[in-house]
Each structure stands twice: as C-alpha cells, then as structure tokens.
Amino acid sequence: MVVQDTTEILDRILERVKSVDPVNTRKWFDELTPVSFDGGVLQIGCQDLSWAQYLQQRCQANFTQAAQSITGHLVAVRFVVSGRESAADTDTAADQRHVLLHPDYTFGSFVVGPCNRLAHASCVAVSQNPGMIYNPLFLYGNVGLGKTHLLHAVCHGARKQAPNLNIQFHSCEEFVNDFINAIEQGSLPEFQNQYRNIDILIIDDVQFLREREQSQEEFFHTFNALYNNRKQIVLTADSAPQDLAALEERLISRFKWGLVARLDAPSYETRVAIVKKKSHLRGLELPDNVAELIAQQIKTNIRELEGALTIIYATSRAADRPITLELAKQALGVQEVTLARGIAMSDIVQSISEQFDVRITDLQSKKRSQSIALPRQVCMYLARSLTRHSLEEIGGHLGGRDHSTVVHACTKIEQLYKDDAAFRDRIDRLTSHIIQSNR
Ligand code: ADP
Ligand code: MG
C-alpha cells in the first residue's frame with residue numbers, strides 16, 4: 001500500500017525509526033510535524049534549530065530509508081525549523097554562525113543533586129541575566145560530570161530568553177585553532193571582532209591553554225575586552241583555577257573574579273535519577289531495579305551511565321526480550337565477582353528472613369516445612385549469584401547441607417524464576433535491595 005497523507009507518512013516513519021534506532025530516538029520526536037511533501041521532498045518541521053541539527057546529523061539515513069519504503073518512492077527528507085521554509089543546513093550558517101547545540105543538554109534534562117547544585121544554579125542565573133551576576137562563571141570538575149551539558153543549557157536558556165543575543169560557544173581547542181589560523185592568514189582583526197563583539201563567550205575546557213603562551217595572551221585580552229563591557233564569560237576546566245598551574249597568574253586570578261563552582265561525582269541517588277531521566281528522554285521504559293543496577297555499577301563518569309543504558313537496550317532488542325534485572329546483568333557483563341564485592345552470606349540471610357517473614361534460626365535449621373524450605377532455597381540461589389562462596393560453604397551456612405542440596409535448590413529456583421512472573425519480580429526486587437544496601 002502506498003501512503004499519501006503526509007501526517008500518516010510521518011507517523012509511520014517515526015514508528016519505524018523508533019524501532020530500528022532506539023538509541024537515537026528521543027521522546028520529542030512525537031512533536032515533529034509534517035510540513036510538506038512535494039516534488040519528492042518531504043519536509044519535517046522541528047521546534048528549533050537544535051532539533052533539526054540533531055536529526056540531520058544522527059537520523060537522516062533512517063528517516064530517508066523509512067520514507068522511501070513507506071511511500072514507495074525515492075524521497076529526500078529535510079528537517080526544517082517550523083515557520084521557516086528552508087532546510088536546516090542552509091539556515092544554520094546564517095542563523096547563529098556557530099553554536100551547534102545538543103537538544104538533550106538543557107536545564108530540564110539536568111538532574112540536580114548535592115554534587116552539582118551550585119554549578120547548576122549559577123548557570124541558570126547567568127542564562128537569565130548574562131553579564132549581571134556572576135562574571136566570569138567558572139565551572140570545574142572531572143570528566144563526565146556535566147560541565148559541557150551545563151554550557152549547552154546556558155545557551156539554550158539564554159537564547160530562549162533573548163533570541164538575538166550573540167553567543168559564541170567554543171571548545172578551547174577551537175579558540176586556539178581559530179587564533180592560529182587568524183595569525184597565519186593575517187586576519188587577526190576579524191578574529192578579534194568575532195570573539196570580542198559579542199554578548200556571551202563560552203569556552204569549554206580552558207585547561208587546553210596550558211603551555212600555549214601566545215594563545216593565553218590573546219585570551220587574556222579577549223577576556224578583558226568582554227569583561228570591561230560587562231559581557232558574560234563562562235568557562236570550564238578540569239581543575240580549579242589555582243590548580244591550572246601552567247597558566248599565567250594574571251589569567252588565573254581573573255578566573256576567580258566571579259563565581260567558581262565545582263562539580264563533584266554524583267551520589268548513588270543522583271545517579272539513579274540521571275539514568276531514569278536519560279531513559280525517559282529516549283521515551284523508553286526502564287524498570288527501577290535496572291536503573292539501580294546501572295547506578296550501582298557505574299560510579300564516577302556519567303557518560304558511562306548512558307553507555308550502559310545503550311548496551312542494555314541494544315541487548316534487549318537483539319534478544320527480543322524485555323528489560324529485566326537478569327538481562328541487564330548479562331548485557332553489562334556484570335561479573336558475579338564484581339557484584340559480590342562486599343555482599344556477605346549474612347546480608348542475604350537477613351534480607352530473606354525479612355522478606356519472607358521467617359526466622360534466621362529457622363533458615364539455618366534442619367526444618368523441612370515448605371514455608372521455610374522455599375526461602376532457604378532462595379538464600380542458596382542468591383548466595384550462588386551474589387557471593388563467591390562455594391556450594392559447600394553455602395550449604396554449611398544453611399543448616400549444614402551438602403553441595404547437591406544447594407545445586408538442587410538453585411535449579412528449582414531458576415525454574416520458578418523462569419515460569420512465574422510474580423516470583424521473578426520478587427526475586428529481582430530482593431536482589432536489587434541486597435545490592436543497594438551493600439553499596
Ligand atoms: P563533562 O563536560 O564534565 O566531561 P558532559 O557534560 O559531557 O561532562 O557530561 C557527560 C554526560 O553526562 C552527558 O551526556 C550529560 O548529559 C550527562 N550528565 C552529566 N551530569 C548530568 C546530570 N546532572 N543530569 C543529567 N545528565 C548529566
Ligand atoms: Mg566536556
């Protein structure tokens with residue numbers, strides 16, 4: 001069947017793209033609109049330029065393929081900012097010469113916790129009142145803690161508030177390269193004009209200026225020109241100003257004139273919230289215990305949390321299985337040994353005694369009644385997967401049973417786990433509870 005109606009075509013394209021490319025799919029795809037389908041060109045409307053650029057860079061091929069197979073024609077797909085005629089690529093250059101914003105990196109998608117509260121609040125303030133409050137704003141912290149994300153969010157926020165602001169957002173490396181090119185091509189005045197006649201200058205990773213004396217000098221003058229004109233400067237680095245030892249003292253002291261905010265590694269709770277936020281952004285369902293597992297496994301770099309999420313989704317799709325704790329563990333290659341760190345037999349016995357409402361002494365007794373035997377078998381099964389104890393040791397802890405009893409228990413629980421959804425759910429919750437209370 002050949003589909004003609006543009007709304008229906010777009011719906012079906014989205015359906016297909018979501019299924020073939022869940023990693024790049026975002027919840028906001030649902031807000032895309034059909035603009036026109038004319039002369040073999042399908043125009044799809046986006047709310048702002050960052051959406052159009054994102055789609056163009058990451059999704060063009062999938063959209064085109066889907067459009068072709070759905071319409072039965074050769075179709076070119078263009079992403080346009082709603083209310084404009086031309087495609088995003090032709091508009092980009094004229095628009096805001098430079099700033100390629102990531103649509104995911106907004107304040108709305110940034111999880112605030114004790115680790116980043118000050119950095120977040122100061123970025124919000126700066127985007128609302130550039131040049132007025134904290135100038136310069138200097139953010140620092142280890143890699144993967146959200147510095148670049150916040151810089152994009154400042155741009156999104158400031159643009160929303162005042163679309164005509166001239167914002168320059170560059171990595172420090174770009175600044176240095178632009179400067180070198182300007183010298184080589186004798187176009188220093190243009191370079192200086194580009195960097196000095198603006199409202200907001202954002203430079204990411206200024207540690208890159210280390211050992212680049214001439215660039216430091218130029219940056220120093222750029223800084224002064226903007227600062228004296230009360231233009232906003234936002235900078236990030238991997239360490240505090242005073243620890244950027246290879247930088248000139250006069251620059252370091254200027255970095256401290258405004259507000260210096262540190263980003264720390266997120267706590268467990270913040271990590272869980274970030275994982276949930278990221279999967280929500282992709283419009284995907286993620287069970288709580290899987291979010292907890294990811295947060296438990298990855299502690300320092302948030303970018304890796306997202307990588308873990310991607311691996312889990314990909315595995316689930318490839319195996320055509322729903323995302324469960326078991327699948328997530330498999331996908332992440334969670335070694336039982338890794339998990340086992342710190343989990344003791346007594347933690348498991350204690351949790352099961354509470355969960356199943358049986359006494360610890362009963363679990364460790366010879367009693368065989370079903371109400372005690374089942375929780376005891378669960379203990380054996382969990383001890384097998386969460387600790388490094390041998391079969392004999394596990395049996396020993398639970399009333400002096402031999403290894404074949406433990407093997408039998410594990411087989412039985414595994415079977416129940418497969419056959420009975422409610423039981424599986426209970427075991428998954430129990431497992432994540434034990435892991436969590438041992439983190
Ligand atoms: P940095 O620039 O500090 O190395 P990034 O800004 O590139 O770190 O962040 C790495 C990844 O982690 C990004 O995908 C970003 O969206 C995400 N991230 C970091 N902190 C948060 C947070 N608090 N909430 C949501 N996502 C975050
Ligand atoms: Mg960065």
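Residues numbered from 1 in each chain as written. Chains lettered and ligands numbered in written order. Predicted model: local features only at pLDDT ≥ 70, side-chain atom pairs only at ≥ 80, totals over all residues. Heavy atoms only, no water.

(A) Layout of the domain arrangement of the protein chain. Assigned domains of the protein chain: these are domain 1 (3-90), domain 2 (117-262), domain 3 (268-334) and domain 4 (345-437). Look at where the C-alpha atoms of domain 1 and domain 2 centre, and you get two points 35 Å apart. (Domains from an automatic or database assignment.)

(B) Structural detail: unusual backbone geometry. Look at the link from Asn 135 to Pro 136: it is a cis peptide, with omega at -5 degrees. We note that Asp 320 has phi near 50 degrees; this positive angle belongs to a residue other than glycine. Its place among the elements puts Asp 320 in the loop between helix H13 (302-319) and helix H14 (325-331). Note on Asp 320: relative accessible area 68%, which makes it exposed. You will see that Asp 357, though not glycine, has its phi angle at about 55 degrees, which is positive. (Helix = DSSP H or I, 4+ residues; strand = E, 2+ residues; numbered from the N terminus. Buried < 20%, exposed > 50% of the residue type's maximum accessible area, 1.4 Å probe, protein only.)

(C) Region of interest: the nonpolar core. Grouped together as the largest cluster of nonpolar side chains are 53 residues, with contacts concentrated most on Leu 286, Ile 294, Ile 312, Ile 348, Ile 352, Val 378 and Leu 382. Among the elements that line this core, the one with the most residues is helix H18 (residues 370-386), at 9 residues. Counting contributing residues, this core receives three or more from each of domain 3 (268-334) and domain 4 (345-437). Excluding its chain neighbours within four sequence positions, the residues that come into contact with Leu 382 are Ile 348, Ile 352, Thr 387, Ile 427, Leu 430, Thr 431 and Ile 434. By size, the runner-up hydrophobic cluster in this structure holds 27 residues, among which are Val 176, Leu 201, Ala 237 and Leu 247. (Core = buried A, V, L, I, M, F, W, Y, C linked by side-chain atoms within 4.5 Å. Contact = heavy atoms within 4.5 Å.)

(D) Representation of the packing of helix H11 (residues 268-281) against H13. At a minimum axis separation of 10 Å, H11 and H13 run at an interaxial angle of 50 degrees. By the angle between their directions, the pair H11 and H13 is classed as oblique. Where H11 crosses over H13, the two elements pack in a sense that is right-handed. In contact with Arg 271, Ile 274, Val 275, Lys 278 and Ser 279 of H11, H13 contributes Ile 302, Leu 305, Glu 306, Leu 309 and Tyr 313. Here the contact of H11 with H13 is built from residues that sort into 6 nonpolar, 1 polar and 3 charged. (Axes fitted to C-alpha atoms, helices over the stretch in contact; angles between N-to-C directions. Parallel < 35°, antiparallel > 145°, perpendicular 65-115°, else oblique. Left-handed = near helix turned anticlockwise from the far one by under 90°. Nonpolar A, V, L, I, M, F, W, Y, C, P; charged D, E, K, R; others polar.)

(E) Representation of the packing of aromatic side chains in the model. Under the counting rule described, the total for this entry stands at 17 aromatic pairs. Ring geometry for Phe 29 versus Phe 63: centroids 6.0 Å apart, planes at 70 degrees, classification edge-to-face. Taken as a pair, Phe 29 in the loop between helix H1 (6-20) and strand S1 (33-38) and Phe 63 in helix H3 (residues 60-71) lie far apart in primary sequence, 34 residues in all. The pair formed by Phe 29 and Phe 63 is uniform in burial state, with each residue classed as buried. For the pair Phe 175 and Tyr 195, a centre-to-centre distance of 4.9 Å together with 75 degrees between the ring planes defines the contact as edge-to-face. On the criterion of sequence distance, the pair formed by Phe 175 in helix H7 (residues 172-184) and Tyr 195 in helix H8 (residues 188-196) is long-range, its members being 20 residues apart. Each member of the pair, Phe 175 together with Tyr 195, is buried. Members of the aromatic cluster, each reached through a chain of ring pairs, are Phe 138, Tyr 140, Phe 175, Phe 179, Phe 191, Tyr 195, Phe 219, Phe 223, Tyr 227, Phe 255 and Trp 257. A cation over a ring is seen here: Arg 212 above Phe 208, with NZ or CZ 3.9 Å from the ring centre. (Phe/Tyr/Trp six-rings, centres within 6.5 Å; stacked < 30°, edge-to-face > 60°. Lys NZ or Arg CZ within 6 Å of the ring centre and 35° of its normal.)

(F) Looking closely at the sheet that holds strand S6 (residues 200-204). With parallel pairing, the 5 strands of this open sheet are ordered in space as S5-S6-S7-S4-S8. A single partner strand is all that each edge strand has here, and the edge strands are strand S5 (167-171) and strand S8 (259-262). Going from strand to strand, the sheet's axes swing by 10 degrees on average, the running direction of each strand aside. Where S5 and S6 come together, 5 bridges link them in parallel fashion. Bridging from a neighbouring strand, His 170 pairs with Ile 203 of S6. The strands touched by H7 within the sheet are S5 and S6, with S5 carrying the most contacts at an inclination of about 95 degrees. (Pairing = 2+ DSSP bridges.)

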